[in-house]
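Each chain, letter by letter, is given below.
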Amino acid sequence: MKLDPTVMRTMCKEDYRVLAAVELGMKTHDLVPAQLCMQIAKLRHGGANKVMSGLLRDKLLSHDRSKGYDGYRLTNSGYDILALRNLFQRGVVAAIGDKIGIGKESDVYIAANKEGKQLVLKIHRLGRTSFRAVRNKRDYLMKGKDNQATSWLFMSRLSALKEFAFMKALHDVGYPTPAPLAHSRHIVAMSLVRGSPLYQVRARNEVSVQQAESIYEQSVTLAARLARHGLVHCDLNEFNLMVDLSGIQNKLNPSEDVGGHYVRSSGAVVRGPGALSHHAVLGRDTGPDGTSLVDGTGEVVTEEPVAATERLANGDPVPIVTLIDFPQMVSTKHPNAKELYERDVECLIKFFSNKLNCVSGDGDDDMREGWRWEDVAPEAGGGGGGGGGKGGGDAAKDAEGRLDGELRASGFSEDSSRRDLELYYFDKYGKVEEGEEGGEGEEEEEGGGDEDEDEDEDEDEDEDEEEEEEAPDLVETDASATFQDL
Ligand code: ADP
Ligand code: MG
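Residues numbered from 1 in each chain as written. Chains lettered and ligands numbered in written order. Predicted model: local features only at pLDDT ≥ 70, side-chain atom pairs only at ≥ 80, totals over all residues. Heavy atoms only, no water.

Heads up, the rule is: UniProt positions are given in the numbering used here, feature names are shortened, and annotations may be inferred rather than shown by experiment.
Looking at an unreviewed UniProt entry, the protein carries the name non-specific serine/threonine protein kinase, with the source organism given as Tetraparma gracilis. On record in UniProt, under Cofactor (unreviewed entry), the comment for the protein is "Mg(2+)". In UniProt, the protein has this text filed under Sequence similarities (unreviewed entry): "Belongs to the protein kinase superfamily. RIO-type Ser/Thr kinase family."

Shown next, in the form of structure tokens:
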């Protein structure tokens with residue numbers, strides 16, 4: 001799905017107010033009556049038609065008369081714009097660049113903040129692929145209403161919220177994850193991770209056997225450490241491990257990109273590997289006044305990279321492995337946790353033995369020593385507390401103990417919307433099948449995704465007024481929400 005933030009340059013306060021009103025209305029209405037939109041948005045009747053038709057023209061709203069009344073829904077784009085606006089107003093993001101990743105459940109974009117430093121936006125898009133369990137339980141999921149489109153928006157939001165909460169909890173105790181910066185609705189903002197997903201690194205044949213061994217060791221150690229903390233990743237494979245073979249670290253924050261790349265107020269990247277890409281600047285202000293990007297050629301680098309990297313015995317830099325993609329994680333108390341954990345570890349062993357030839361064959365049982373469920377899971381007497389043992393990681397940092405209870409990871413939750421999300425992910429990641437690759441290479445184009453459509457009504461030109469007053473953010477503003485806040 002294409003994200004076009006340029007409409008934001010001409011949007012005014014009333015436009016955002018109406019979008020937020022439709023969003024709020026959709027919590028209770030599949031199709032939000034025009035009158036209710038006006039009421040929530042507190043728009044004078046005269047101005048309303050013009051605002052509505054502008055939003056329809058830009059495909060931020062869709063219009064439907066099938067229920068015998070004039071009704072509106074937010075489109076995916078409308079939801080994107082609301083979330084972006086919120087992140088923009090909070091100073092998290094000031095420009096959007098190229099799409100850098102397409103997962104099964106997301107679109108991932110490079111972006112930049114108002115200092116011009118690049119970051120990443122992961123836009124959760126649930127409902128894009130097929131998922132039988134959720135569909136079979138449709139009545140339950142949709143709570144008896146025919147509001148499938150609505151549910152995907154809110155499920156995407158829930159997924160982003162969960163991802164943010166998990167990333168933050170893990171990052172806080174020293175896991176190598178991207179730095180979680182903020183979230184709004186279905187978008188998570190995080191630091192840009194240097195390097196590439198492991199499957200790409202492997203495809204480019206760049207990695208030495210020694211480096212591959214190190215990546216393997218770090219990866220299974222992560223799986224075990226998570227289990228000691230009471231968590232299973234459930235999609236731990238070459239698509240969700242980012243690898244930086246240069247081994248160059250950021251002194252202040254090892255998981256954050258080194259030095260960063262900066263964007264000029266024109267939107268062009270001026271430094272770093274993304275130097276050819278272009279960023280669409282959000283908002284209308286381009287002056288150096290805090291609402292716009294600054295020229296990144298200046299001395300804005302705050303984090304010094306460590307020049308001397310750690311080296312392996314053969315002299316190669318120790319690769320830096322970063323774990324990404326958290327919304328499907330579950331607690332080790334989940335009824336299927338053992339199988340899910342074992343699948344994660346087996347997937348890794350298979351990849352490293354078959355594709356990178358750096359560990360012995362996947363039938364070799366010795367190599368599982370120290371990483372068995374019994375060795376690591378608190379439920380199986382495997383310790384807990386994250387520290388100690390072969391996969392223990394940094395015991396001092398892990399002294400906090402279990403994280404799953406704190407996060408109310410799946411398997412704990414009694415809350416129905418969280419269970420919906422669990423059901424969704426369980427259908428996608430939960431089935432442990434023989435010969436499964438666990439990958440995300442293929443994408444099924446089926447089902448649930450609502451699409452932007454409808455373009456009736458007359459067209460009006462927007463006046464280009466300057467409106468920087470706070471637009472109502474009726475649903476969500478809290479940057480530090482945790483999973484408990486759902
Ligand atoms: P999905 O849940 O859809 O699989 P992921 O979180 O795995 O989404 O992200 C998809 C792709 O986007 C990744 O494989 C990676 O290439 C890229 N990506 C995600 N997060 C980052 C990040 N913080 N820095 C750099 N690239 C990222
Ligand atoms: Mg992924």
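Next comes the rest of the write-up.
**Thoughts on the site of ligand 1**
Put simply, the rule reads: Note on definitions. A residue lies near a molecule or strand when any single heavy atom of the residue is within 4 Å of it. In the analysis that follows, any N or O atom pair within 3.5 Å is treated as a polar contact, provided that within protein one partner can donate a hydrogen and the other can accept it, and provided that, for residues neighboring in sequence, both atoms belong to side chains. Here the accessible surface of atoms and residues is derived via Shrake-Rupley with a 1.4 Å probe, and residues count as covered only by protein chains that are part of the display. Each residue gets one of three labels, nonpolar for Ala, Val, Leu, Ile, Met, Phe, Trp, Tyr, Cys and Pro, charged for Asp, Glu, Lys and Arg, and polar for the others, Gly among them.
With respect to spatial proximity, 21 residues lie near ligand 1, and among them S106, K122, V193, N240 and D325 are the closest. Between an oxygen atom of ligand 1 and a main-chain N or O atom of E105, the distance comes to 3.2 Å. Contact distances for ligand 1 include 2.8 Å between an oxygen atom and a side-chain N or O atom of N240. In the complex, 95% of the free accessible area of ligand 1, which totals 550 Å², lies under the protein chains. A class-by-class count of the residues in the shell around ligand 1 yields eleven nonpolar, five polar and five charged.

**Section: helix α1 (residues 13-25)**
The α-helix advances 3.6 residues per turn, and as a result positions three or four apart in sequence lie on the same side. Heads up, the rule is: The helix count covers DSSP runs of H or I at least four residues long, the strand count covers runs of E at least two residues long, and both are numbered beginning at the N terminus. The span you would expect from a helix comes to 1.5 Å times its residue count less one. For every residue, the accessible area (1.4 Å probe, protein chains only) is compared with the maximum for its type, and the residue is labelled buried under 20%, exposed over 50%, or partly exposed between those bounds.
With 13 residues, α1 ought to run about 18 Å at 1.5 Å a step, and its terminal C-alpha atoms sit 18 Å apart, in line with that. The buried fraction of α1 amounts to ten of the 13 residues, a majority that puts the element mostly inside the structure. When α1 is considered as a whole, its buried residues turn out to be K13, D15, Y16, V18, L19, A20, A21, V22, E23 and G25.

**A look at the sheet that holds strand β15 (residues 320-323)**
Note the cut-off: A pair of strands counts as paired when DSSP detects no fewer than two bridges linking them. Residue contacts follow a heavy-atom distance rule, with two residues in contact if any of their heavy atoms lie within 4.5 Å. Inter-axis angles, ranging from 0 to 180 degrees, are taken between N-to-C directions of lines fitted to C-alpha atoms, where helices are fitted over the stretch in contact.
Reading across from one edge, β9-β11-β15 is the order of the three strands in this open sheet, with antiparallel pairing throughout. Each edge of the open sheet is held by one strand with a lone partner, namely β9 (196-197) and β15. In this structure, strand β11 (residues 241-244) lies alongside β15, joined through four bridges in antiparallel fashion. For L241, the partnering residue across the bridge sits in β15 and is L323. In this fold helix α9 (residues 209-228) packs onto β11 and β15, with an angle of close to 35 degrees to the strand it touches most, β15.

**Concerning the side chain of D344**
Note the following rule: Only four residue types enter the charge count: Lys and Arg as positive, Asp and Glu as negative, with His and the chain ends excluded. Put simply, a salt bridge is a Lys or Arg side-chain nitrogen that is within 4 Å of an Asp or Glu carboxyl oxygen.
Within the fold, D344 resides in helix α10 (residues 337-355). Among buried charged residues, D344 stands out as having no salt bridge; its nearest opposite-charge side chain is R343, 4.9 Å away. Residues in contact with D344, not counting those within four places in the same chain, are V232, H233, C234, D235 and L236.

**Regarding the pattern of salt bridges**
Following the criterion strictly, the structure yields 19 salt bridges and no others. A salt bridge links D58 to R57; its shortest N-O distance comes to 3.4 Å. With a shortest N-O distance of 2.9 Å, R402 and E379 are connected by a salt bridge. A residue pair is termed long-range when its members are at least 10 positions apart, and R402 in the loop between α11 (373-376) and α12 (404-407) and E379 in the loop between α11 and α12 qualify at 23 residues. On the basis of relative accessible area, E379 is assigned to the partly exposed category, the value being 37%. A cluster of three or more residues bridged by salt bridges with shared partners is formed by D30, D64, K67 and R73.

**Overview of the packing of α1 against helix α2 (residues 34-41)**
Just so we agree on the cut-off: Any angle from 65 to 115 degrees is called roughly perpendicular, while one under 35 is roughly parallel, one over 145 is roughly antiparallel, and all others are oblique. Two helices cross in a left-handed way if the nearer one is turned anticlockwise from the farther one by less than a right angle. They cross in a right-handed way if the turn is clockwise.
Across the interface, α1 lies against α2 with an axial gap of 8 Å and an inter-helix angle of 120 degrees. Considering the angle they form, α1 stands oblique to α2. Crossing geometry of α1 relative to α2 is assigned as right-handed. Across the interface between the two elements, R17, V18, A21, V22, L24 and G25 of α1 pack against L36, C37, I40 and A41 of α2. In terms of residue class, the contact of α1 with α2 is made up of eight nonpolar, one polar and one charged.

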